[in-house]
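So you can see what is in the structure, the chains are spelled out below.
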Amino acid sequence: MMDMAEYVALENTVLVLAFVLSLMFGVIAQRTSFCTMGAVSDVYNMGSWTRMRVWGMAAGVAMLGFGVMSYFGWIRAADTIYSAGALNWLAALGGGLLFGFGMVLASGCANKTLIRIGEGNLKSVVVFIMIALGATSAMWGLSSVLYTFAVDHGTRYTENGTLMSAWIAPAAGLDSGTVGLAMAVVIGGGLTAWALSSKKFRSSANNLLAGFGIGLLIVAMWWVIGHLGYVEEHPDTLDAVYAGTAAGGMQSFSFTSPIARSLYLVTMTDPTRPLLISVGVLTVVGVIIGSFLHALYSRTFQWEGLNGEQDTALHMIGGTCMGVGGVIAGGCTVGQGLSGVSTLSGESFIAVAGIMLGGVVGLRLQMWLLMRNE
Amino acid sequence: MNIDQELNARGMNCPIPLMKTKRALEKMESGKVLRVYATDSGSMKDILEFVNGAGHTMLNQEHVGKDYIHTIRRG
């Protein structure tokens, strides 16, 4: 069994690696303008699927990587925070709708907010604070009643959890690892092939970098936390834990709850006690710094502030919706969207559908506001 | 170059500059020239893709100070 000194050393290694991966995430996302809201907007406003293909490829690569690692037993698919005993479909759908609606009003999702902060956008600092407040309220405050309501009225208890591979495995007479790999090859490989089938998509190095790069970073984070950080017996509690995570569960990149935890860390930490730094908090800091460094390098760093009352109100509402919706849905465009989808969690697919639909509603509202202001 | 209409999208982030550009072009006659001023760096890619896909012509794109300036001929 591992002693406490060894556990702390492992935790530090996990945290350092998670930070490095987050820096890379920030650099790639800033360089390539990786943006889920932009992908929905492009489809809605001009019928262009190029950015959606980037997103699809990132999800596909992440699925393939997760499927392979699960199949070989390097990580435990059933231990992820996206795997549960009950399918909270209403929370995933409703939270996703709210998140998607908010991301349009706030000029981008939680991940894009961090990228924009790194680029010098002060609007995004406001959005960051509102996401943190909304998420805190949904996790520990008044808005948590929404989650409770959704769970009470829209939960399906399943014998085999939320992973689609575990649903199909008994009927197929195979183990869930084999089914997971097969599904990852079909769905993940299909998404990747769909992205690469477009000549326009392939002609841009940035599209390929974003699709492969973000997808691989999701996989790398699964490996760091799920394989390297797995501890069979914590020296104090004797429980199986994933070192460096806030709640002890296996996770990859996710941003809504970590944004709340980051603000909580700054505002509520007792300075006489050791800092409770987790992977989530470091991903937030890492992505901002990565974006900042690349914005300086590419000379795209530019201070930008709010643009009047309506702009301020929309960004505040958008940030709040993302914070509340992200927590209720169980994650954001990257958390449920890429990390969750890579595990083949049925709940993640429902959340993504909600986010996309909410995005379209948000875009319709934006167009209505534009026409009203003309 | 004769500019028929100017559009100020400064201080607005994606997708607003694109939506405003699209809306402005819809109201213009074919052959007229629209100049868009934006401060969102993403507008360089977004608006170019929209213009090319919608059959308009991007006459020029430049970054001057804080402004990303797009000059578009209505198709």
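Structure report, in brief.

Analysis parameters
- Residues numbered from 1 in each chain as written.
- Chains lettered and ligands numbered in written order.
- Predicted model: local features only at pLDDT ≥ 70, side-chain atom pairs only at ≥ 80, totals over all residues.
- Heavy atoms only, no water.
- Helix = DSSP H or I, 4+ residues; strand = E, 2+ residues; numbered from the N terminus.
- Buried < 20%, exposed > 50% of the residue type's maximum accessible area, 1.4 Å probe, protein only.
- Pairing = 2+ DSSP bridges.
- Axes fitted to C-alpha atoms, helices over the stretch in contact; angles between N-to-C directions.
- Contact = heavy atoms within 4.5 Å.
- 1 Å grid on protein atoms, 1.4 Å probe; cavity = no way out; pocket = protein on both sides within 12 Å on 5 of 7 lines; lining within 4 Å.
- Points joined across faces, edges and corners; volume = space filled by probe spheres on them.
- Nonpolar A, V, L, I, M, F, W, Y, C, P; charged D, E, K, R; others polar.

## Digging into unusual backbone geometry
Thought 1: Between Cys14 of chain B and Pro15 of chain B the backbone carries a cis peptide bond, its omega angle lying at 10°.
Thought 2: You can see Pro15 of chain B is positioned in the loop between strand S1 (5-9) and helix H1 (16-27).
Thought 3: Phi angles above zero are rare outside glycine, and Ser33 of chain A is one such case at about 55°.
Thought 4: Judged by relative accessible area, which is 24%, Ser33 of chain A ranks as partly exposed.
Thought 5: Unusually for a residue other than glycine, Ser107 of chain A sits at a positive phi of about 65°.

## Some points on the sheet that holds S1 of chain B
All names here are of chain B.
Thought 1: Pairing in this open sheet of 4 strands is mixed, and the strands run S1-S2-S4-S3 from one edge to the other. For this open sheet the edge positions go to S1 and strand S3 (57-64), each flanked by a neighbour on one side alone. Geometrically, the sheet is characterised by an average inter-axis angle of 15° between neighbouring strands, direction not taken into account.
Thought 2: Bridging between S3 and strand S4 (residues 67-73) involves 7 bridges; their strand directions are antiparallel. The residue bridging Asn60 from the neighbouring strand is Thr71, located in S4.
Thought 3: Helix-sheet contacts for H1 involve S1, strand S2 (33-38) and S4, and the interaxial angle to S1 is about 160°.

## Section: empty space enclosed by the protein
Thought 1: Evaluation of the coordinates by the stated rule reveals 3 cavities of 30 Å³ or more.
Thought 2: Considered as a void within the structure, the largest cavity measures approximately 100 Å³ in volume.
Thought 3: Taken together, Arg116, Glu119, Asn121, Thr300, Gln302 and Glu304 of chain A together with Asn13, Thr39, Asp40, Ser41 and Tyr68 of chain B make up the lining of the largest cavity.
Thought 4: Looking at the lining of the largest cavity residue by residue, the classes come out as 1 nonpolar, 6 polar and 4 charged.
Thought 5: The computed volume of the second largest cavity comes to approximately 60 Å³.
Thought 6: Considering the residues around the second largest cavity, the lining is formed by Thr32, Ser33, Phe34, Cys35, Arg51, Val54, Trp55, Asn206, Asn207 and Ala210 of chain A together with Lys45 of chain B.
Thought 7: For the lining of the second largest cavity, the secondary-structure elements that each account for two or more residues are helix H3 (50-71) and helix H11 (205-228) of chain A.
Thought 8: In terms of residue class, the lining of the second largest cavity is built from 5 nonpolar, 4 polar and 2 charged.

These results come straight from atomic positions and should not be treated as a statement about function.
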